[in-house]
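Topology and contacts: notes
The residues making up each chain are set out below.
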Number of protein chains: 2
Amino acid sequence: MILQEGFVCKHYTFVEKGCFKMYGIDEKGTEHNLGFAAENDWVADLGSFYSGKPSKLFIEAIEPSTILQIEHQDLLYLYVNSPKFDRNFRVIVEEKFIELQNRLLQNFSSNASQRYLDFLAQYAALASRLPNTQIASYLGITPEFLSKIRKNISLK
Amino acid sequence: MILQEGFVCKHYTFVEKGCFKMYGIDEKGTEHNLGFAAENDWVADLGSFYSGKPSKLFIEAIEPSTILQIEHQDLLYLYVNSPKFDRNFRVIVEEKFIELQNRLLQNFSSNASQRYLDFLAQYAALASRLPNTQIASYLGITPEFLSKIRKNISLK
DNA sequence: GCTACATTAAGACTATTTCTTAAGCTTGTT
DNA sequence: AACAAGCTTAAGAAATAGTCTTAATGTAGC
C-alpha cells in the first residue's frame, strides 16, 4: 500500500515490476478502481501530489512489485533544472488523460457488458493478470454480475 | 463547430470568450458531453491532435465565442524551442486530468442526483449559463429526468 | 408575434444491476 | 497434505434508477 485515504501523496511512483490498483471507497464501503499501473507505468494521485492536500484515494499492490519513487520536491527540482522532465511528464500525463477520456466516453455510452468488452480489447494483457473482483470494481459492478456477463458473452 | 467526428483535431483552442462543449455521439444518436470549456480554458481532442488520427468527438460553441488557435506543428515548434511551453502545457493537462479523475470517481460512487449536486458545487458559474439539456448530457441522463431531480431537490 | 426550443410534469414501464445463498474451485500457507 | 481464504460460477428474486411518452407551459430570438 503506497497511498492511503487521508494521507498526502508524497511520491510519483514508477512501477518496475508488478501491478498496482488506484481506487476510492464510497460511503457504502465499496471500492471503485480508477485504474491499474503495471510494468513501466507511473502512478500517483496527482491532485494530492501537487496540492499537498490529503488524498481520497488508495494505491495498493495487487502483485508482488518493485517500484521507484520520486518525491515532490525532487521532481520540482528536476522540472526547474532540466526542461526534459517537463517534456516527459507532460507526455505521460497527456497519455493518461486521453485514456481517461476514452473511458469516460465508454462509460456513458454503454452497459456493463459492452464496457467489459471494451476493457478486454484495450487492456488484454492486464485482463488475464487481474482477478475478476478487481475488474468488476473497475467496471463499477459486483463480481457476481461480472460472472453473469462472462457467461452471457460465452453463450453468443 | 471547431471539430467534427471523422476529422483530425488540428488545433489546440484557447477560449477567449464564450463557451464550448466537447461531446461524442453513441450508436443510438445520443450526445454525451465530456466537458465544457469557457473563458481562459483550453480545449482539444488530445488523442486526435497528437496522433493525427480522426477524432470520435465534436467540439461546438454553445454561445457566441471568440477563440485563439494553435496548430499542431506550431505547438511542436514551441515545445522544441522554448521549454516554458512544455511546462505550461504540462500543468494545463495535469489540471484537466485531475478534474477528469474526480469526475470518474463521482460517476461511480453516486446516482444522478448526487452527480448533479456535485456538478453544481464545482461548476456553479457554468451551471447558470448552460441549458438543462447540456447539463443532462453531461450527467448522462435525459433532460426530463434532470427536471425530476431538480424538483426533488427543491422539495427537500 | 411566430417559431423553435427549453422546461416541467407525471405516470407507466423496463432493463440493468444488486442481493442472497450456495457450491465448487484455486492458490498459497503451515 | 490439509486447510483456510478468497475467487468464480450459479440462479432466482427484488429493487430502483432512469427511460419513454405525452403534453402543457415558458422563454428567447428573429
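Scroll up to find the structure this text is about.
Residues numbered from 1 in each chain as written. Chains lettered and ligands numbered in written order. Predicted model: local features only at pLDDT ≥ 70, side-chain atom pairs only at ≥ 80, totals over all residues. Heavy atoms only, no water.

A separate point is the sheet that holds strand β1 (residues 11-17) of chain A. Residue and element names in this part refer to chain A. Strand order in this open sheet of three strands is β4-β1-β6, and the pairing throughout is antiparallel. For this open sheet the edge positions go to β4 (42-43) and β6 (66-71), each flanked by a neighbour on one side alone. Pairing analysis gives two bridges linking β1 to β4, with the strands arranged antiparallel. By the bridge assignment for β4, phenylalanine 14 is matched with tryptophan 42. Contacts from helix α2 (residues 72-81) reach β1 and β6 within the one sheet, and its direction differs from that of β6 by about 70°. (Pairing = 2+ DSSP bridges. Helix = DSSP H or I, 4+ residues; strand = E, 2+ residues; numbered from the N terminus. Contact = heavy atoms within 4.5 Å. Axes fitted to C-alpha atoms, helices over the stretch in contact; angles between N-to-C directions.)

For the rest of this paragraph, the subject is the side chain of His32(A). Here His32(A) shows up in strand β3 (residues 31-37). A residue is classified by how much of its surface remains accessible, and His32(A), at 6% relative accessible area, is buried. Contacts of His32(A), omitting those with residues within four sequence positions, involve Met22(A), Tyr23(A), Gly24(A), Asp26(A), Ser137(A), Leu105(B), Phe108(B) and Ser109(B). (Buried < 20%, exposed > 50% of the residue type's maximum accessible area, 1.4 Å probe, protein only.)

With that out of the way, let us pick up the pattern of salt bridges. In the structure shown here, the tally under the stated rule is 14 salt bridges over all chains. Salt-bridge contacts for Lys21(A) lead to Glu31(A); the nearest nitrogen and oxygen are separated by 3.3 Å. Of this pair, Lys21(A) sits in strand β2 (residues 20-25) while Glu31(A) sits in strand β3; the two residues are 10 residues apart in sequence, bridging distant segments of the chain. For Lys21(A), a relative accessible area of 5% corresponds to the buried category. In this structure, the salt-bridge partner of Asp86(B) is Arg90(A), at a minimum N-O distance of 2.8 Å. (Salt bridge = Lys/Arg side-chain N within 4 Å of Asp/Glu carboxyl O.)

On to the protein's contact with DNA strand D, then. Surveying the vicinity of DNA strand D reveals 17 residues, the closest of which are Asn132(A), Lys148(A), Lys151(A), Thr142(B) and Lys148(B). Per the 4 Å cut-off to the protein, sugar and phosphate atoms form 59% of the nearby atoms of DNA strand D. Between DNA strand D and Lys148(B), the relevant distance is 3.0 Å, taken from a base oxygen to a side-chain nitrogen or oxygen of the residue. Broken down by secondary-structure element, the contributors of at least two residues to the surface near DNA strand D are α6 (132-139) and α7 (143-155) of chain A together with α4 (112-122) and α7 (143-155) of chain B. Broken down by element, the residue count for the surface near DNA strand D peaks at five residues, all from α7(A). Across the surface near DNA strand D, the residue classes break down as four nonpolar, six polar and seven charged. (Near = heavy atom within 4 Å. Polar contact = N/O pair within 3.5 Å; in protein donor to acceptor, adjacent residues only side chain to side chain. Nonpolar A, V, L, I, M, F, W, Y, C, P; charged D, E, K, R; others polar.)

Moving on, we come to the nonpolar core. If you look at the biggest cluster of nonpolar residues, it comprises 54 residues, and the most contacted ones within it are Tyr12(A) and Tyr12(B). Every residue in contact with Tyr12(B), bar those within four places of it in the chain, is listed here: Trp42(B), Val43(B), Ala44(B), Leu46(B), Phe49(B), Tyr50(B), Leu68(B), Gln69(B), Ile70(B), Leu75(B), Phe89(B) and Val93(B). (Core = buried A, V, L, I, M, F, W, Y, C linked by side-chain atoms within 4.5 Å.)

Before going further, it helps to examine the interface of chain A and chain B. Each side of the interface is counted separately: chain A has 35 residues, and chain B has 36 residues. Buried surface at the junction of chain A and chain B, both sides included, amounts to about 3,300 Å², of which 73% is carbon and sulfur. Along the contact surface separating chain A from chain B lie four salt bridges. The residue Arg87(A) makes a salt bridge to Asp86(B) at a minimum N-O spacing of 2.8 Å. The interface formed by chain A and chain B holds nine residue pairs in polar contact (both at pLDDT 80 or more) in total. Elements supplying a minimum of two residues to the side of chain A that touches chain B: β2, β3, α1 (46-51), α2, α3 (83-109) and α6 of chain A. Residues that form the side of chain A that touches chain B fall into these classes: 18 nonpolar, eight polar and nine charged. (Buried area = accessible area lost by both parts, 1.4 Å probe.)

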